[in-house]
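The primary structure of each chain is shown beneath.
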Amino acid sequence: MEYIENRTFEELQVGDSAEITRTLRHDDIELFAVMSGDVNPAHVDPEYAASDMFHRVIAHGMWGGALISAVLGTELPGPGTIYLDQSLQFRRPVGLGDTVTVRVTVAEKYPDTRRLKLACECLNQEGKQVIVGEALVIAPSEKVRRPRVTLPEVHLHERGARHRELVKLAAPYEPIRVAVVQPVNAASLHDALDAKEEGLIEPVLVGPEAKIRRAAEEIDRSLDGVTLEAVPHSHAAAARAVELARTGKVDALMKGAIAMDELMDAVLAPEALATERRASHVHVLDVPTYPKPLLITDAALLAYPTLADKRDIVRNAVDLAKSLGIEAPKVAILSASEVVDPRIRSTMEAAALCKMAERGQIAGAVVDGPLAFDSAISRKAAAANGVAGLVAGDADVLVVPDLEAGTLLVKELVHLAGADSAGIILGARVPAIIPGRSDGALPSLASAALAKLYLHRGDRGTALASGDPSREDAA
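Criteria and thresholds
Sequence positions are assigned chain by chain, starting from 1 and proceeding in written order. Selection of residues for local features in this predicted model requires a pLDDT of at least 70, selection of side-chain atom pairs for listing and counting requires 80 or more, and totals for whole chains, interfaces and linings are taken over all residues. The side-chain quantities take in all heavy atoms of the structure and omit both hydrogens and water. One bridge is not enough; two strands pair if DSSP finds at least two bridges between them. Each helix is a run of H or I in the DSSP string that is no shorter than four residues. Each strand is a run of E no shorter than two, and both are numbered from the N terminus. Every axis corresponds to a line fitted to the C-alpha atoms, with the helix fit spanning only the stretch in contact, and the corresponding angles, defined between N-to-C directions, vary from 0 to 180 degrees. In this analysis, two residues are considered to be in contact whenever any of their non-hydrogen atoms come within 4.5 Å of each other. For every residue, the accessible area (1.4 Å probe, protein chains only) is compared with the maximum for its type, and the residue is labelled buried under 20%, exposed over 50%, or partly exposed between those bounds. For this analysis, a nonpolar core means a set of buried residues of the types Ala, Val, Leu, Ile, Met, Phe, Trp, Tyr and Cys, connected via side-chain atoms within 4.5 Å. Only rings of Phe, Tyr and Trp enter the pairing, Trp through its six-membered ring, and a pair is recorded when the two centres are within 6.5 Å. The plane angle decides the type: under 30 degrees is stacked, over 60 is edge-to-face, the rest tilted. The rule for a charge over a ring is simple: NZ of Lys or CZ of Arg within 6 Å of the ring centre, and within 35 degrees of the ring normal.

A. Structural view of the sheet that holds strand 3 (residues 82-90). Reading across from one edge, 2-4-5-6-3 is the order of the five strands in this open sheet, with antiparallel pairing throughout. Of all strands in the sheet, those with a lone pairing partner are strand 2 (17-23) and strand 3, marking the two edges. Adjacent strand axes in the sheet meet at a mean angle of 20°, parallel and antiparallel pairs treated alike. Taken together, the nine bridges between strand 4 (residues 99-110) and strand 5 (residues 115-123) define a ladder with antiparallel strand orientation. Across the sheet, Lys109 pairs through a bridge with Leu116, a residue of strand 5.

This is the structure we're talking about:
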């Protein structure tokens, strides 16, 4: 156990010193900004900082001041010290990657009051002063030795950062033409019009005209320049949207205020949009504690998929992952057990899917399973469970045993881990955008971006506009 021990007034002599060393990280700047509320762009906006006088992101000046306080409170004099006064002069900026040594030295002692004057300085890795100053404190009179408190782990997460990256990744491409099915309430119409404003889609609103216009009035949005296909009800809206897709008038569908089953019945009806591949849904989650987008499938469409269904579920997710720039997606087939057990169907299917991947029936991905959830997303857990391999602890895609398990997993990540979820259905002749329902508009924009990227960059997509950026340029 580590301890913090002070040095009393009687123990200290002029010339005694203590120091700590810290290297400035991006997380230090963000955490200080969150704690203080100081979001000066010189510290938190790289684009602005590049044009500022220092031409780089620099630390808040009081970050160095806080380090001086840390030396006073934990090293010299240590616990029991009472801070009275502090002067600081800032000589040089501290940039990302700079290593700062913070030193406090006893300059004068005042026995009548137990006060100390302390010389304070912060030196960079070149030995140059970045901060100098003086502190006046009352030194402790009694000895203190206490266990060092273990600080909580802090995980910094910019809400929606990975979904914003999807929207940014889709920006160079031409908007795709999308039939928005039954956008008759505020949320669904917002989703469509926001995606249009972002340059992701050109919407064709399909549904009862009077209801669509009432929704537009409710959210105070104009429908000028937006194509509207008037039909009497949701069933007709789904049929008309499918017809627009079947005849090539739109490139994708977007779910509005219509039940998933009603929409998919129209999509998969005879002579509609079905293909030889089973349609399936893919969630793309931005999880605060996971370092990259996490694809989960199928947690919305196929209740109890067969082995053949799961093969297509994997293939659809792999195609989407590749369109997002993941060249060799790592696919974890989830189960309750990591041992192939004839009593647990999902373990048997996982083993079969791995063999399919080995034989080329599932191409372009690294597939492993059965894997427990923790082994799939945590290297530490995988090691503890004795699981090795390229997928363990680093999965891009999680294939769930069935809809029940998948729905529970997604909702747990959204409501307990603060994840945001975008969604898309693949496997039909055109993709279907399933707008996210997390807080804010970003998950819905990300859902539209998924379809745009899939169609312009995906292995099964088509280049919808000549002169689009190449895969390499867009990446």
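B. Seen up close, the sheet that holds strand 11 (residues 252-255). Across the sheet, which stays open at both edges, the 11 strands sit in the order 10-9-8-11-18-17-12-13-16-14-15 with mixed pairing between neighbours. The sheet terminates laterally at strand 10 (227-230) and strand 15 (366-371), the two strands that pair on one side only. The sheet shows a mean angle of 25° between the axes of neighbouring strands, taken without regard to direction. Taken together, the three bridges between strand 12 (residues 280-286) and strand 13 (residues 294-297) define a ladder with antiparallel strand orientation. In the sheet register, Leu285 faces strand 13, and the bridge partner there is Leu294. The sheet contacts of helix 8 (residues 234-246) involve strand 8 (176-181), strand 9 (201-207), strand 10 and strand 11, and relative to strand 9 the element is tilted by about 140°.

C. The pairing of strand 11, seen in detail. By the alternation rule, side chains of strand 11 split into Ala252 and Met254 and Leu253 and Lys255, which are all buried. Here strand 8 runs beside strand 11; their pairing, made up of four bridges, is parallel. Within the sheet, the bridge partner assigned to Val181 lies in strand 11 and is Lys255. Pairing between strand 11 and strand 18 (residues 432-434): two bridges, direction parallel. Across the sheet, the residue bridging to Met254 is Ile433, located in strand 18.

D. Spatial organisation of the nonpolar core. With 62 residues, the main nonpolar core has Leu189, Leu320 and Val331 as its most contacted residues. Among the elements that take part in this core, helix 15 (residues 442-457) stands out by supplying 10 residues, more than any other. With residues up to four places along the chain from it excluded, the contact list for Val331 reads Val314, Val318, Ala365, Val366, Val367, Asp368, Val391, Val397 and Val399. If you look at the next biggest cluster of nonpolar residues, it comprises 30 residues, including Ala49, Ile68, Val100 and Leu118.

E. Representation of the packing of aromatic side chains. In the structure shown here, the tally under the stated rule is zero aromatic pairs. Lying over the aromatic face of Phe9, Lys109 brings its terminal NZ or CZ to 4.4 Å of the ring centre. Its end group placed over the ring of Tyr3, Arg145 keeps NZ or CZ at 4.0 Å from the ring centre.

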